[in-house]
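As a plain string of letters, each chain reads:
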Amino acid sequence: GADGVVEASCDRGGEGGEGVGAHEWNVWSESSEQREWEEIEREEVEREADGGWTQAENTSTSPRGDGVAPPCPPPLPFSDVSHGEEATLVRGLCCLFLYRALHRHAVRLSRMHRHHFHTDAPRAFGYLTETVQVKGYLAARELEVHGIPVDCELAKKTEEYFERKAVDAAQKLTEFSYAVGLLRFDVHGELVRDEATNKPFLDKDKLQDCLFYAVKEMSADPLFLDYHGPLHADPQGLELHKDPHPVKWMRYASFHPFVDAWVTFEKHWHAKKLAASFATAEGGVLHPSISKCMRNGRLSYPEQVVPRDCELRHLFCASPGHRLLSVDYNYIELCTLAAICEHEYQYSILARVIRANIDPHSFTASQLVGMPLESFCALKTSGNSGDREKYAQHRAIAKKVNFATASGQTRIVVPDVKVEQAKAFRLKLITSIYPELKIILRDDTIMSLATNLHCNPEAVKVNLSYHGRWNRDTVSEIADVVCGNRCSSRHGYPLSKKWKKQVWDGLALINRNGALSEAISSRAGSPTLHSVLFGKFACTLTGRVRARTTYTSALNTVFSGLAADGAKLAMWNLTHIGYRVVGFIHDEIVVEVPEEADLQHEAALVQQVMEESMASVAPTIPIRSTADVADRRCLDPKKCFSDVGTLLPFMPQEMCPQRIEME
């Protein structure tokens, strides 16, 4: 490890005060891990000997010429099966051969990175977490097949509701003098609509002109610069107007009226489309198409399954005779981050905060505002609405700072917080609140380049530094050259030909990786070459390895991927014991329970299964969750109890379906 990690381990000596020194712990850990892996490999050999096809059964020679015969099945009676069954058998055998070949690579990769894993990871989760991913796939497939119940009648009314709001928002765009020609009207003064989508027609070229005008106005606004910073410091800000995607512009909506009106129009029309898809769900059941395993380990849902609008969430309802039981993990990604810090550095203040049953977001907020924790938490239950609002606002800011910092973002944009203040919050977070984050966030770009170029790290620093200086700007501009960018992504100025020549000359001089010689000598930058040169491995405690990740992706994968593995196991275990899962969004699982069931008992059982499943991937950190019951999905449900302490379904004071019908 780095010197700073060793010093931190020696100084603190673990959680108990004395503990073993860093060097002693490393020796003990290596020897114990080695014994574990040798035992696992012996089990693999025995399994091959007992259940697999042995060398004696197979007399063919290996195409690799290594003397090891490939596995071969006994002859199958193809004459006794139909053509369809024969094709199924052949596909199954091909999959088996492919699996056995890939299994060798999985074992090799696991051995290379085993110091990042739990000691028993291969046995508990399979090599490269194959067991977890298969269980997650089967549970997600079960959700796809059974589907999610929706209220089709209310969906039709919701579709009309959002269409009216979208048209009203479109009319506001005509109030801007520079937006003349953006919308088109017929002879009757009605909006011209696209024939295919029925959406009000917007001229794309005119929209780019309007957004360019908005960028110029925002860039000259002192308030915008205070709360967002200059647009050239934003990787997407240089040519933002050329990519009119509403999601990228949402952060700027509060700074410019035209952007706000256009984003509102697009948001309402998008909600209208989602409501239309719910209204046409066959049999009142929506069958989503789920991407079973993304590179970061998560399941990826279509947006229709995770709508942000309260009006759309209320369209998800329980089947007749059932209620929706929703269980949400509490700050689970901070729990997995704490588990990683303890595994890597044997120390974590974040872990101590969680063990003390303290909300880490509230703890961070109290430290940022300089209030005692007890006084800050008292604001939550204060009789003064201003105090409760203050608590919610500061906790939301702390939550944004926590996750943005842990994900490797150095430039954090927080609503209602100035840029300089956000920088100060981040610095305080990694130096005094959770100092272990400073270690996990250290920049190892030099090591990544040296590893991929097969050279010495010192050679990278000497030949690629800018006038002897090596800092974040240097790294960023080397990456810009390799990626093929014409301008600096951090500062916006054009990259000089002299600097580009120095970068390519330096790379050609220190490169010892023959596979990269041609790409470097061509001096043609591309995102692919960037991922090869700057990419690094990211490993979860469960044993999954992700290659060619960026700095932020690597940081994100280790803790969010670990949480995803635990959530997949939870969904599988709930499905396995008979629950019908009708929703799974990152850290929340929704199941259906009968109306006459003991809701208190069902909630306790589901929470137990989910917490134990997550504890299997983060065993050193206490896992907690929150349950609520409702007839429909809600944006912010509350846990409700009767006078005798029985869990009751949550019924908000103002139901969105009622408001939609009234309007």
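Just so it is clear, the structure is predicted and the values come from calculations on it, not from any experiment. (Residues numbered from 1 in each chain as written. Predicted model: local features only at pLDDT ≥ 70, side-chain atom pairs only at ≥ 80, totals over all residues. Heavy atoms only, no water.)

1. Examining the side chain of Ser 560
- Residue placement: Ser 560 occurs in helix α25 (residues 551-576).
- Within the local environment of Ser 560, its side chain forms a polar contact with the backbone oxygen of Asn 556, the two atoms lying 2.5 Å apart.
- Ignoring any residue separated from it by four or fewer positions in sequence, one finds Ser 560 in contact with Arg 298 and Glu 333. (Helix = DSSP H or I, 4+ residues; strand = E, 2+ residues; numbered from the N terminus. Polar contact = N/O pair within 3.5 Å; in protein donor to acceptor, adjacent residues only side chain to side chain. Contact = heavy atoms within 4.5 Å.)

2. What to know about the pattern of salt bridges
- By the definition in use, this model includes 16 salt bridges.
- Salt-bridge contacts for Glu 266 lead to Lys 199; the nearest nitrogen and oxygen are separated by 2.8 Å. Taken together, the positions of Glu 266 in helix α10 (residues 257-279) and Lys 199 in the loop between α6 (152-173) and α7 (204-219) put the pair 67 residues apart, joining distant regions of the chain.
- When its relative accessible area of 21% is taken as the criterion, Lys 199 is described as partly exposed.
- The salt bridge partner of Asp 359 is Arg 395, with a shortest N-O separation of 2.7 Å. (Salt bridge = Lys/Arg side-chain N within 4 Å of Asp/Glu carboxyl O. Buried < 20%, exposed > 50% of the residue type's maximum accessible area, 1.4 Å probe, protein only.)

3. A short note on the packing of helix α21 (residues 472-483) against helix α24 (residues 527-534)
- Viewed as axis vectors pointing N to C, α21 and α24 meet at an angle of 135 degrees, and their least axial separation amounts to 7 Å. It follows from the interaxial angle that α21 and α24 lie oblique. For the pair α21 and α24, the contacting residues are Ile 478, Ala 479, Val 482 and Cys 483 in the first and Pro 527, Leu 529, His 530, Leu 533 and Phe 534 in the second.
- Among the residues forming the contact of α21 with α24, the class breakdown is eight nonpolar, one polar and no charged. (Axes fitted to C-alpha atoms, helices over the stretch in contact; angles between N-to-C directions. Parallel < 35°, antiparallel > 145°, perpendicular 65-115°, else oblique. Nonpolar A, V, L, I, M, F, W, Y, C, P; charged D, E, K, R; others polar.)

4. Section: the packing of aromatic side chains
- Applying the stated rule across the entire model yields ten aromatic pairs.
- Ring centres of Trp 249 and Trp 262 lie 6.2 Å apart, and the angle between their planes is 85 degrees; this geometry places the pair in the edge-to-face category. Highlighted residues: Trp 249 in helix α9 (residues 246-249) and Trp 262 in helix α10, separated in sequence by 13 residues. Accessibility classification places Trp 249 together with Trp 262 in one group, the buried group.
- Within the aromatic cluster, the residues linked to one another by ring pairs are Phe 176, Tyr 178, Tyr 213 and Phe 258. (Phe/Tyr/Trp six-rings, centres within 6.5 Å; stacked < 30°, edge-to-face > 60°.)

5. Describing a nonpolar patch on the surface
- Taken together, the side chains of Val 134, Tyr 137 and Leu 138 make up a nonpolar region of the molecular surface, amounting to roughly 280 Å² of accessible area.
- Within the fold, Val 134 resides in helix α5 (residues 130-146). (Patch = residues over 30% accessible without salt bridge, like charges linked within 9 Å, V, L, I, M, F, W, Y side chains within 5 Å. Areas by Shrake-Rupley, 256 points an atom, 1.4 Å probe, with all protein chains shown as cover.)

6. Quick look at helix α14 (residues 360-369)
- For α14, the buried fraction is high: eight of the ten residues fall into the buried class.
- Where α14 is concerned, the buried positions are Pro 360, His 361, Ser 362, Phe 363, Thr 364, Ala 365, Ser 366 and Leu 368.
- Of the surrounding secondary structure, the elements contacted by the buried residues of α14 are α12 (332-345), α13 (349-355), α15 (373-378), α16 (385-406) and α17 (419-433).
- The N-cap of α14, judged by a side-chain oxygen 3.1 Å from the amide nitrogen of His 361 a few residues on, is Asp 359.
- The first or second residue beyond α14 is Gly 370, which carries a positive phi of 75 degrees.

7. Quick word on the state of the cysteines
- Within the structure shown, the criterion is met by zero disulfides.
- Its sulfur unpaired, Cys 95 is 7.0 Å from the next cysteine sulfur, which belongs to Cys 94.
- The class of Cys 95 is exposed, set by a relative accessible area of 52%. (Disulfide = S-S within 2.5 Å.)

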